[in-house]
Amino acid sequence: AAHPGKDGKKPTRERDSDYNLRHKDSGSGTDNDSIFSESDVHPVDHGDDPNTLRFGIMADAEVTLGFLLAGIGYHREKFRNYMMVDSDTPQEELVHFFNALYRRPNIGIIIIDHETSHRLRNIIQKCNQVLPILLTVPAKASLLSYLEKKDRKRRLRQRDAY
């Protein structure tokens, strides 16, 4: 049962202004009968909001493109949050980009592939901040070599068991 309102009368849907706003019907039945006009709806752009943490990526082309396709790429005013690394990438360029990512206040996680983390191991060992989190992910080449080593060890154990 409905409780009486301030005027002592039971509330009805006609007097419920929230209900009227939510269920406004002009009778035409089209999707354009919204209480919001197109000028009222704006996409959210966090821009350089210091409360929004972003990812940084330093990996080979396949890993980097995968993360970019997932939508975590960021590019503003001569800064981008990703670097495609290959074996020809100079060490000083890697160090410079890693330091730029590590020092930015809006980077929360830096994703580094296995080969790149191996190349940056001396610098990574000196990193002791809580944020950004450094996450090493396997690349295709490092994953294949890991699986081959694991399979080789398994075969040796099986051979020794006989």
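Computed from a prediction, not measured in an experiment: that's the story for all the values here.

Peer 1: Describe the environment of Gly-73, naming the residues involved and giving the relevant values.
Peer 2: Along the chain, Gly-73 falls in the loop between helix H2 (61–69) and strand S2 (75–76). Exposure remark for Gly-73: the relative accessible area of 38% places this residue in the partly exposed category. Spatially, the C-alpha atom of Gly-73 lies 8.0 Å from that of Phe-55, the residues being 18 residues apart in sequence. Not counting residues up to four positions away in its chain, the partners in contact with Gly-73 are Leu-68, Asn-81 and Tyr-82.

Peer 1: Can you explain the pairing of strand S1 (residues 54–59)? Please cite residues and give values.
Peer 2: With respect to burial, S1 is a largely interior element, 5 of its 6 residues being buried. Across 5 bridges, S1 lies against strand S5 (residues 107–113) in parallel orientation. Across the sheet, the residue bridging to Ile-57 is Ile-111, located in S5. Here 3 bridges tie S1 to strand S4 (residues 82–84), and the two strands are oriented parallel to one another. Looking across to S4, one finds that Ala-59 is bridged to Met-84.

Peer 1: Describe in detail the pattern of salt bridges, supporting the description with residues and values.
Peer 2: Applying the stated criterion to the full structure yields 3 salt bridges. A salt bridge links Asp-151 to Arg-154; the nearest nitrogen and oxygen atoms lie 2.4 Å apart. Separated by 3 residues within a single helix, Asp-151 and Arg-154 lie in helix H6 (residues 140–161), roughly one turn from each other. Given a relative accessible area of 27%, Asp-151 falls into the partly exposed group. Between Asp-160 and Arg-159 there is a salt bridge, with its nearest N and O atoms 3.8 Å apart.

Peer 1: Account for the nonpolar core, naming residues and giving values.
Peer 2: Across soluble globular proteins, you tend to see nonpolar side chains buried next to one another. Grouped together as the largest cluster of nonpolar side chains are 15 residues, with contacts concentrated most on Met-58, Met-83, Leu-94, Phe-98, Leu-101 and Ile-110. Those elements that place two or more of their residues in this core are helix H3 (91–103) and S5. Ignoring anything within four residues of it in the chain, the contact list for Phe-98 reads Met-58, Ile-110, Ile-112, Leu-120, Ile-123, Ile-124, Cys-127 and Leu-134. Ranked by size, the runner-up nonpolar core spans 8 residues in total, among them Ile-57, Ala-59, Val-63 and Tyr-82.

Cut-offs used in this document
Residues numbered from 1 in each chain as written. Predicted model: local features only at pLDDT ≥ 70, side-chain atom pairs only at ≥ 80, totals over all residues. Heavy atoms only, no water. Helix = DSSP H or I, 4+ residues; strand = E, 2+ residues; numbered from the N terminus. Buried < 20%, exposed > 50% of the residue type's maximum accessible area, 1.4 Å probe, protein only. Contact = heavy atoms within 4.5 Å. Pairing = 2+ DSSP bridges. Salt bridge = Lys/Arg side-chain N within 4 Å of Asp/Glu carboxyl O. Core = buried A, V, L, I, M, F, W, Y, C linked by side-chain atoms within 4.5 Å.

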